[in-house]
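Secondary and tertiary structure notes
Next come the chains, spelled out residue by residue.
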Amino acid sequence: MGVAIPNERVYYYECSSGRFRLTYFIPRGELEQLCEGSRIDAKVLEDFPDGVDLGCTEADFGDFKRMYGYCPRQDPEALRSAFLAILSATRNWKSFRGSGFIPATDLERHVEAVDEILFDSLPRQIEMEPPGLPSSLQQRRRTRHRQAVRHLKADKTLRDLQVEGIDPKRTLSQQTFSRITTDAGAGAEEVFVRLHHKQRKRK
């Protein structure tokens, strides 16, 4: 029997002592649909015959768009914020070490609500200097300091959230997420890890 991989969009997480890496997986079936709708370069099917895994960062999403003309609808930082809210709502999250999948719909349904909470609870974005006007070293340092403070406040806000559908008495791997459909086979996470490492080598 072959090895099973998800045939729907999922997010793969790797957590270690409060830190995490989040990767977005687009299965081949969805890539084919995007190609049929001329929303993505068909070359992606040659380069990623088993599906694409993208690190949830602006850089990775941007590189993928430049190469194949397609960018996922969700903002990568908003996805990371939603995931941190979910992770920190689980038992012993600061000491949790593990990996697994979250169906895309389960994570994405929290993105807008989490983003609104952050928007309402944090100072507004720092106003940027008008284009063409260089800022002084002191101004740049002050801006970086404000951004660092805002980032810390954002993380605290996310860690304090109670997330709907998340059981605080269970670890992340014990949560009841939607069932993930896969192709026939076994060992989906093993394949996903292999895909992830293969893509990292190409960079």
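Please read these numbers as outputs of a predicted model, since none were measured by experiment. (Residues numbered from 1 in each chain as written. Predicted model: local features only at pLDDT ≥ 70, side-chain atom pairs only at ≥ 80, totals over all residues. Heavy atoms only, no water.)

With 72% of its residues at a pLDDT of at least 70, the protein reaches an overall mean of 82. Contacts of residues 125–129 to residues separated by more than four positions or lying in other chains number 6 contacts, the stretch itself having pLDDT below 50. (pLDDT = per-residue confidence, 0-100. Contact = heavy atoms within 4.5 Å.)

With that settled, the discussion passes to a negative patch on the surface. A contiguous patch of negative charge on the surface is contributed by E58, D75, E77, E112, D115, E116 and D120. Ranked by the residues each element gives to the negative patch, the list is headed by helix α6 (residues 111–121), at 4 residues. Within the fold, E116 resides in helix α6. (Patch = residues over 30% accessible without salt bridge, like charges linked within 9 Å, V, L, I, M, F, W, Y side chains within 5 Å. Areas by Shrake-Rupley, 256 points an atom, 1.4 Å probe, with all protein chains shown as cover. Salt bridge = Lys/Arg side-chain N within 4 Å of Asp/Glu carboxyl O. Lys, Arg positive; Asp, Glu negative; His and termini not counted. Charge placed at Lys NZ, Arg CZ, Asp CG, Glu CD. Helix = DSSP H or I, 4+ residues; strand = E, 2+ residues; numbered from the N terminus.)

So, about helix α4 (residues 76–88). Taking 1.5 Å per residue, 13 residues should reach 18 Å; α4 reaches 18 Å between its end C-alpha atoms and fits that length. Of all the residues in α4, the buried ones are P76, A78, L79, S81, A82, F83, L84, A85, I86, L87 and S88. (Expected span 1.5 Å × (residues − 1). Buried < 20%, exposed > 50% of the residue type's maximum accessible area, 1.4 Å probe, protein only.)

Attention now moves to the pairing of strand β2 (residues 19–26). Within β2, 6 of the 8 residues are buried, leaving the element largely enclosed by the surrounding structure. With 7 bridges connecting them, strand β1 (residues 10–16) and β2 associate as antiparallel partners. Looking at β2, one finds that V10 is bridged to F25. Here β1 hands over to β2 after 2 residues, with S17 in that stretch at a positive phi of 55°. The sheet contact formed by β2 and strand β3 (residues 52–55) spans 4 bridges and is antiparallel. Of the residues in β3, the one forming a bridge with T23 is G55. (Pairing = 2+ DSSP bridges.)

Let's shift gears to the pairing of β1. Extensive coverage of β1 is indicated by the burial of 5 of its 7 residues. Looking at chain direction, β1 and strand β4 (residues 97–103) are connected through 7 bridges and run antiparallel. Across the sheet, V10 pairs through a bridge with P103, a residue of β4.

With that out of the way, let us pick up the environment of L31. Within the secondary structure, L31 is located in helix α1 (residues 28–36). Taking relative accessible area as the criterion, L31 reaches 0% and is therefore assigned buried. With 20 residues separating them in the primary sequence, L31 and G51 have C-alpha atoms 7.4 Å apart. Excluding residues that lie within four positions of it along the chain, L31 makes contacts with I26, I40, V44, L45, F48, G51 and V52.

Moving on: the environment of F64. The topology assignment puts F64 in helix α3 (residues 58–68). A C-alpha to C-alpha distance of 9.8 Å links F64 and V52, two positions 12 residues apart in sequence. In contact with F64, other than residues within four places in its own chain, are I40, V44, V52, L54, G69 and Y70.

Before going further, it helps to examine the packing of α4 against α6. For the pair α4 and α6, the least separation of the axes is 9 Å and the interaxial angle reads 90°. Classified by the angle their axes make, α4 and α6 are roughly perpendicular. Listed contacts from α6 to A78, L79, S81, A82 and A85 of α4 are V111, V114 and L118. Tallied by class, the residues present in the contact of α4 with α6 amount to 7 nonpolar, 1 polar and no charged. (Axes fitted to C-alpha atoms, helices over the stretch in contact; angles between N-to-C directions. Parallel < 35°, antiparallel > 145°, perpendicular 65-115°, else oblique. Nonpolar A, V, L, I, M, F, W, Y, C, P; charged D, E, K, R; others polar.)

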